[in-house]
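An overview of the molecular structure
So the chains spell out like this:
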Amino acid sequence: MVRKTFRDLRKNWISFLSVFLMSFICLFIFTGIFHLSQQMDATGKEFVKDSRLADNVLSVASFNAEMEQEMNKLENVKQVARRSIGRYQTDKFSLTLLTFNHSAISRPQVIRGAKLTDRAGIWLDEDFFQARHYQLGEAFLIEDTSYEILGTVRQPEFIYHTASEDQPLPNHKKSGYAYLSQQSFEHLRLYPVHQLLVKTKKNSNPPWLEKELADIWAADYLELNQPQDTSGLSIFFDRVTQIQRLAFLFSSLFLLLTLITMEATMRRFVKQQQLQIAVLKAQGFSRRTVLLHYLSFGMIVTLFGASLGCMLGPKLLSPALLTAIGNQFSVPAWLEVHTSLGYLMVAVVTLLNMLITLLPVLPLIGQLPAKIMQKQSNQRFKRVWLEHTKLWSHLPFALQWTLRDIQRNRRRAVLGIFGALGCMLLLIAALGIKDSINFSLDSIFNDTYRYEEKVTFKKPLNAQERTATAETITDYQWLEQQNIKLLKDSEEQATKATIVSDGNELAVPTLDLQDLAANQVGLSDALAKKLKVKPKDTVYIKLQQQIFPVYIKTIVPISSPQGLFFSQAVWENLQQTFEPQSLLLPKKDQLPEMPLIASRNVKQQQFEDSQKLLEGILMIVTLLILAALALGITIMLNCHLLIFSERFIEFATLKVLGFTKREVLSLSFLETSLLTLIGWLLGLPAGWLFLKAYVAMVSTDQQQYLPHITFQSLALASLVLFGCMLLVQAYLNLRINRIDFATALKPAE
């Protein structure tokens, strides 16, 4: 039986090729993408562990030793350390300056040079150091003071570091961070933020801790954040989760197609071997032996394909994806990881394919040999339902013939339809993700951001400072963004409040901010769905331990910014002081240079930087297109080879009856085209739903992409699909042309 198994596999290798490829692609994509997510996750967690990252960061108006002692006495607080942060800006770069403490909390990792000491020097961000080609010992000028570059560091809070929210991707040449001693920091003319790094016990309650700290610091309390929720770590671990979801999403799709392919292939194979099954049973082979023989086909082909995919995915796909995605993040080194989940998936895929093999085998092996032989020679088919209508007589012969065959072999037809559907679905996802990102960026920079220049200041401006700053300009809009917490039922969601003054430079879709009254606000669509909030609902926001009710006037379908939208009047109605950090201008260079300005961002440059996001997904797009081509060609080829193998007697009969070669080929082409057309039609809505799920997975809490696909992309996807169909049909035509008609009719006699 073992020799028969391998002999049958050798003779029918084309039929089993599609099963092998589907199982290979399924595990190749899953293990490749999942291994990348595990590698990123392990690297990030190890980075956080080594730096002993603070559990909470408390921002205060000024340091106070007595209050810090009170904090240390709290039951859930283990350790407290000071840190100051400031921003140094030049025309060439932006540098976040931090002080270090001699505790182990949130301590940066020294990559090269001397350890952190109180020496009068500076430790630069390693990526910034490399991008700008500095050397150890070189002088680094800040304002009028020269600091020796003593070393380089990496810190997990800056694992994904941008100069501001207006910079969508890290640019290490233009932005970085650096560490100074407290004494050196105090000599600089900066607007520092004073922070206390808090290490807590494992079972601490964040809301209760926040209340205790607010009571201690009173008016000096500003805000309490968790670094893993507010720093670059949040973006990093969000990306890990997205990649894991994509691994399961794509592998689930290919697993489904693998099972469908396996069932159709084995049904056709078992049908061809009905006589052999009857002979084996007549010769005394047990039911169990025959069953194991046919189960072995699914086991061998799937196990080989899945095992090969499991081995090659982490070795080929993961490094390629890491090259495209990993350069966005700043880590000491990417750790190597090993996971057994890939091998478990191999076992699951193999077992499922063996179980699906039972469907066509079990009904036969339980019967007597004579009964099995009778089924081989006396098959009857019902008439197609159309044959009972008057329309049937008006249909051309070729269409009648094709519809009858589809009716008699529905499972085989389903396989052909699924091949075309799956190919179209993946092509829509691949082309649609690029369209969605482009559409979202276009929506942001053309519809929402109507300014030409955004000026950001070193500190929030009060009313007097705003008046002095804008006295020479007439057309502008002030923008303030604050971290707030939105309360819904028992949930507490950290988000951003966007507050604007009168003006037209920031336009929020479907919402006129100047028409907001009392406590009315707008809420971004993605956040509304996450918290299940609807228009006209009342929710609560927490601002520095004060809770205010706000009325959701409308849900805003916006890509960025996310969160709640306030007008200046509504914000002040909540007893909050309007102190914007940015000024939006309709033209460039309207505002003269002044000491308070931290940075100037031109919208066009922001747009060009944002488009670089597409570079990071080109690898995934290419992967999806290749998978779609492999899926379309292999499954459609398998399906139509099954059609050929089961109908070559009919092709020969038609030739003997006087049909020309062209007419015989047209019959095959009609069935191929009809099944592909149905798959294409079903693939359009299925592809759109898949694209929506895909876009939702690659979106983040900071930016939600809007699903979109252009007509050109749909046309290209359709051309690729029908191009695959033509390739398959060309191969079938070669097989039909090679039929020896006289020999083919002998079995029918």
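Placed above this text is the structure.
Residues numbered from 1 in each chain as written. Predicted model: local features only at pLDDT ≥ 70, side-chain atom pairs only at ≥ 80, totals over all residues. Heavy atoms only, no water.

Per the secondary structure count, the chain includes 22 helices and 19 strands. Across its three principal axes, the chain shows a C-alpha extent of roughly 100 × 55 × 50 Å. Taken over 749 residues, the chain has a buried fraction of 54%. For the chain, the proportion of contacts with a sequence separation of at least 24, taken over those separated by at least 6, is 82%. (Helix = DSSP H or I, 4+ residues; strand = E, 2+ residues; numbered from the N terminus. Buried < 20%, exposed > 50% of the residue type's maximum accessible area, 1.4 Å probe, protein only. Contact = heavy atoms within 4.5 Å.)

Here the focus is the pattern of salt bridges. Scanning the entire structure with this criterion turns up 12 salt bridges. In this structure, Arg600 and Glu453 form a salt bridge, with 3.5 Å as the shortest nitrogen-oxygen distance. Residue Arg600 is located in strand E19 (residues 597-602), and its partner Glu453 is located in strand E11 (residues 453-457); the two are separated by 147 residues in the primary sequence. Residue Arg600 is classed as partly exposed on the basis of its relative accessible area, which comes to 24%. Close ionic contact of Lys529 with Asp525 constitutes a salt bridge, the shortest N to O distance being 3.2 Å. Linking Lys529 with Asp525, this pair stays in helix H16 (residues 525-531), spanning 4 residues, or about one helical turn. Assessed through its relative accessible area of 26%, Asp525 is described here as partly exposed. Three or more residues joined by partner-sharing salt bridges are found here, namely Glu210, Lys485 and Lys542. (Salt bridge = Lys/Arg side-chain N within 4 Å of Asp/Glu carboxyl O.)

The subject of this paragraph is helix H21 (residues 711-737). Along its 27 residues, H21 runs 38 Å from first to last C-alpha, staying within 8% of the 39 Å computed at 1.5 Å per residue. Inspection of H21 places Ser713, Ala717, Ser718, Leu721, Cys724, Met725, Val728, Gln729, Leu732 and Ile736 among the buried residues, and these make up the whole buried set. (Expected span 1.5 Å × (residues − 1).)

This paragraph deals with a nonpolar patch on the surface. Among the surface-exposed residues, Leu344, Val348, Leu351, Leu352 and Leu355 lie close enough to one another that they form a single nonpolar patch of about 410 Å² accessible area. Residue position: Leu344 is located in helix H11 (residues 341-365). (Patch = residues over 30% accessible without salt bridge, like charges linked within 9 Å, V, L, I, M, F, W, Y side chains within 5 Å. Areas by Shrake-Rupley, 256 points an atom, 1.4 Å probe, with all protein chains shown as cover.)

It is worth spelling out the environment of Val279 at this point. Within the element layout of this structure, Val279 appears in helix H9 (residues 274-282). Separated by 90 residues in the primary sequence, Val279 and Pro369 place their C-alpha atoms 6.9 Å from one another.

Right, let's talk about helix H8 (residues 232-272) for a bit. An α-helical segment advances 3.6 residues per turn. Residues three or four places apart therefore align on the same side. If you check H8, its first and last C-alpha atoms are 60 Å apart, about what 41 residues at 1.5 Å a residue would give, namely 60 Å. Summarising burial for H8: 31 of the 41 residues are buried, a large majority.

A few words now on the packing of aromatic side chains. Under the definition given, this model contains 24 aromatic pairs. The interplanar angle of 55° and the centroid separation of 6.2 Å between the aromatic rings of Trp680 and Phe722 together place this pair among those described as tilted. Of this pair, Trp680 sits in helix H20 (residues 661-698) while Phe722 is found in helix H21, placing the two residues 42 residues apart along the sequence. For Phe722, a relative accessible area of 25% gives the class partly exposed. Site record: aromatic cluster; members linked through ring pairs are Tyr88, Phe93, Phe128, Tyr134 and Phe140. (Phe/Tyr/Trp six-rings, centres within 6.5 Å; stacked < 30°, edge-to-face > 60°.)

If you trace the backbone, Lys199 turns up in strand E9 (residues 193-200). As a buried residue without a salt bridge, Lys199 has its nearest oppositely charged side chain in Asp55, at a separation of 4.1 Å. Excluding residues that lie within four positions of it along the chain, Lys199 makes contacts with Arg52, Leu53, Ala54, Asp55, Asn76, Val77, Lys78, Gln79 and Ile105. (Lys, Arg positive; Asp, Glu negative; His and termini not counted.)

For the rest of this paragraph, the subject is the pairing of strand E14 (residues 520-524). Where burial is concerned, most of E14 is hidden: 5 out of the 5 residues are buried. Residue alternation in E14 divides its side chains into two sets, Gln520, Gly522 and Ser524 and Val521 and Leu523, and both sets are buried. Direction of pairing for E14 relative to strand E16 (residues 546-556): parallel, over a ladder of 5 bridges. Counterpart to Leu523 in the pairing with E16 is Ile555. In this structure, E14 lies alongside strand E17 (residues 564-567), joined through 2 bridges in antiparallel fashion. (Pairing = 2+ DSSP bridges.)

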